[in-house]
Amino acid sequence: MTNDADAPTSTPGPPPGSRGGWSPEQVGDQSGRVVLVTGANSGLGLETSAVLAAAGARVIMTARSREKGQAALADVQGRAPGAQVELQMLDLASLASVTDLATRLTATLGSHGLDLLVNNAGVMAVPKGRTQDGFEMQLGTNFLGHFALTGRLLGPLLQSESAGRRPRVVSLSSMAHRFGRITPQDLMREKRYEAWSAYGQSKLADLMFALELDRRTERAGRELVSVAAHPGISATNLFTGGPFGRMPDVVRRAAGKVGELVMQSPEQGAWSVLRAATAPDVVGGEYYGPAGAGERSGPPVRVGTSARAQDVDMARWLWEEAVRLTGVGFHELDPPAGAA
Ligand SMILES: NC(=O)c1ccc[n+]([C@@H]2O[C@H](COP(=O)([O-])OP(=O)(O)OC[C@H]3O[C@@H](n4cnc5c(N)ncnc54)[C@H](OP(=O)(O)O)[C@@H]3O)[C@@H](O)[C@H]2O)c1
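**Considerations on the packing of aromatic side chains**
- As enumerated under the stated definition, the model contains nine aromatic pairs in all.
- Taken together, Phe-143, Phe-147, Phe-209, Trp-319 and Phe-330 form an aromatic cluster joined through their ring pairs.

**Overview of the confidence of the model for the chain**
- Mean pLDDT for the chain: 91, with 89% of residues reaching 70 or above.
- Mean pLDDT across the elements of the chain ranges from a minimum in helix 8 (residues 249-262), with 70, to a maximum in strand 4 (residues 116-119), with 99.
- In this model residues 1-18 is a low-confidence stretch, pLDDT under 50, and it forms 35 contacts with partners more than four residues away in sequence or in other chains.

**Describing the packing of helix 4 (residues 137-152) against helix 5 (residues 154-162)**
- Contact geometry of helix 4 with helix 5 gives a least axis separation of 4 Å together with a crossing angle of 50 degrees. Considering their axes alone, helix 4 and helix 5 lie oblique with respect to each other. When helix 4 is examined against helix 5, the residues Thr-150, Gly-151 and Arg-152 are found in contact with a partner set consisting of Leu-154, Pro-156 and Leu-157.
- Split into classes, the residues belonging to the contact of helix 4 with helix 5 amount to three nonpolar, two polar and one charged.

**So, the site of the ligand**
- In the vicinity of the ligand, 29 residues are found, and the nearest of them are Asn-41, Ser-42, Asn-120, Tyr-199 and Thr-236.
- The backbone of Leu-92 places a nitrogen or oxygen atom 2.8 Å from a nitrogen atom of the ligand.
- Take Gly-122: an N or O atom from its main chain is 3.2 Å from an oxygen atom of the ligand.
- Coverage of the ligand by the protein chains reaches 94% of its 890 Å² of free accessible surface.

**Focus on the pairing of strand 7 (residues 287-290)**
- The pairing of strand 6 (residues 225-229) with strand 7 spans two bridges and is parallel. Among the inter-strand pairings, Ala-228 is bridged to a residue of strand 7, identified as Tyr-287.
- Taken together, the three bridges between strand 7 and strand 8 (residues 300-302) define a ladder with antiparallel strand orientation. If you follow Gly-289 over to strand 8, its bridge partner there is Val-301.

**Details of the environment of Gln-201**
- Here Gln-201 is to be found in helix 6 (residues 195-219).
- Residues Gln-201 and Phe-179, 22 residues apart in the sequence, show an inter-C-alpha distance of 8.0 Å.
- Excluding its chain neighbours within four sequence positions, the residues that come into contact with Gln-201 are Leu-139, Gly-180, Arg-181, Ile-182, Thr-183, Leu-187 and Arg-189.

**A short note on the pattern of salt bridges**
- Here the structure, examined in full by the defined rule, presents 14 salt bridges.
- Its salt-bridge partner being Glu-47, residue Arg-79 comes within 2.9 Å of it at the nearest N-O pair. Of this pair, Arg-79 sits in helix 2 (residues 66-79) while Glu-47 sits in helix 1 (residues 43-54), and the two are 32 residues apart along the sequence.
- Take Glu-47: its relative accessible area is 10%, and that puts it in the buried class.
- A salt bridge links Arg-324 to Glu-321; the shortest N-O distance between them is 2.7 Å. Placement of the pair is Arg-324 and Glu-321 together in helix 10 (residues 312-326), with a separation of three residues, close to one helical turn.
- In the salt-bridge network here, residues are joined through shared partners; they are Glu-47, Asp-75 and Arg-79.

**Digging into helix 4**
- The sharpest bend along helix 4 measures roughly 30 degrees and falls at Leu-144.
- Within helix 4, 14 of the 16 residues are buried, which leaves the element mostly enclosed by the surrounding structure.
- Among the residues of helix 4, the N-terminal cap falls to Glu-136, whose side-chain oxygen and the backbone nitrogen of Gln-138 are separated by 2.8 Å.

**A few points about the environment of Val-303**
- Inspection of the secondary structure assignment puts Val-303 in the loop between strand 8 and helix 10.
- For the pair Val-303 and Glu-286, spaced 17 residues apart in sequence, the C-alpha to C-alpha distance is 8.0 Å.

**Topic: the sheet that holds strand 3 (residues 85-89)**
- An order of 3-2-1-4-5-6-7-8 is seen for the eight strands of this open sheet, with the pairing classed as mixed. The two strands at the open ends of the sheet, each matched to only one other strand, are strand 3 and strand 8. If you compare each strand with its neighbour and ignore which way they point, the axes differ by 20 degrees on average.
- Sheet topology places strand 1 (residues 34-37) next to strand 4; three bridges connect them, and they run parallel. Counted as the bridge partner of Val-37 is Val-118 from strand 4.

**Here we look at the side chain of Asp-206**
- The residue Asp-206 is located in helix 6 in this model.
- Residue classification places Asp-206 among the buried residues on the basis of a relative accessible area of 5%.

**Remarks on the nonpolar core**
- Among the nonpolar cores identified, the biggest contains 51 residues, and Leu-36 and Phe-143 are the most heavily contacted of them.
- When contributions to this core are tallied by element, the ones reaching two or more residues are strand 1, helix 3 (95-109), helix 4, helix 5, helix 6 and helix 10.
- The biggest single contributor to this core is helix 6, with eight residues.
- Not counting residues up to four positions away in its chain, the partners in contact with Phe-143 are Gln-138, Ser-202, Ala-205, Asp-206, Phe-209, Leu-318 and Ala-322.
- Val-27, Ala-40, Val-273 and Val-282 belong to the second largest nonpolar core, which has 37 residues in total.

What counts and how
Residues numbered from 1 in each chain as written. Predicted model: local features only at pLDDT ≥ 70, side-chain atom pairs only at ≥ 80, totals over all residues. Heavy atoms only, no water. Phe/Tyr/Trp six-rings, centres within 6.5 Å; stacked < 30°, edge-to-face > 60°. pLDDT = per-residue confidence, 0-100. Helix = DSSP H or I, 4+ residues; strand = E, 2+ residues; numbered from the N terminus. Contact = heavy atoms within 4.5 Å. Axes fitted to C-alpha atoms, helices over the stretch in contact; angles between N-to-C directions. Parallel < 35°, antiparallel > 145°, perpendicular 65-115°, else oblique. Nonpolar A, V, L, I, M, F, W, Y, C, P; charged D, E, K, R; others polar. Near = heavy atom within 4 Å. Polar contact = N/O pair within 3.5 Å; in protein donor to acceptor, adjacent residues only side chain to side chain. Areas by Shrake-Rupley, 256 points an atom, 1.4 Å probe, with all protein chains shown as cover. Pairing = 2+ DSSP bridges. Salt bridge = Lys/Arg side-chain N within 4 Å of Asp/Glu carboxyl O. Buried < 20%, exposed > 50% of the residue type's maximum accessible area, 1.4 Å probe, protein only. Bend = angle between axes of the 7 residues up to and from the residue. Core = buried A, V, L, I, M, F, W, Y, C linked by side-chain atoms within 4.5 Å.

See the structure below:
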């Protein structure tokens, strides 16, 4: 494990051989695929759901607000008439809600299983707060909630594998992972809370989770593909819950106008997620983001990670800590008893 003091700070750019030139027109026929998208009522989750539904997938949209969820469901049904799309309630800031959804789905998905899980929901730079289980709000929602959800849905995901398909888990990270630090000595930021630093930690944790899940599935000889994606900077509601949302109205309106000029649309922000979720050539452990300057906008390509995100000792520690905190193991991926 690497301490903050000696953590590597170099940030590799896009790996050689990054593949470019992709747009959602390349999303193939998704018929027969069952997909779950968290945070599907807004921004990237809504756009991802709409494209996948229009391409023929059965899409389970999740939301924490029934009202917002129903409006988003109607939106997707309007854009993709006749699509198989439904709404399920999920609050990632509550382990009980995660367990409840996973239990219901495991019963209803049956022998088909789950083909794609998009760990998308998130909050950014919100004021100090706690989830229902007492976790720091950003780490708890963005990382621990999705960790628990993925672990609880591992059965249906592996069921898809047993049925001859290659299930995928796509986890949303961010350029903010680059300034993120995992702080084992104060993971819940009880000693000192700074909203952006806590966001950076949560997005680094999401990326490390995606990479660690890939390593574990590979060791277990499983077909499940775990990858990560980020949308560059996209004009979504993410900006209204953090410091921008707390600005005076007039400043916020002006900032919004500037934002529209420099940010890409939620539709285009979802492209990285869609490529990671659907392209046939995606390989476990990859990370997709926009190709443009500073990865802020543009068509999705394979991108690099910070050196910190590649710290396998820290990733192992974080995984074990998440198991301890959430009480969710990934036992199907455990090495066989007696294996070294
Ligand atoms: N937009 C960007 O520039 C950007 C950049 C980098 C990474 N990302 C990542 O992209 C993902 C999607 O964000 P977005 O930009 O699409 O923002 P968004 O429009 O605000 O969408 C976030 C979604 O997450 C949901 N959510 C928040 N807390 C939740 C909880 N406790 N339980 C369940 N759902 C919850 C929100 O529900 P409510 O509507 O009820 O709040 C909403 O549906 C996030 O993981 C974010 O970190 C975004």
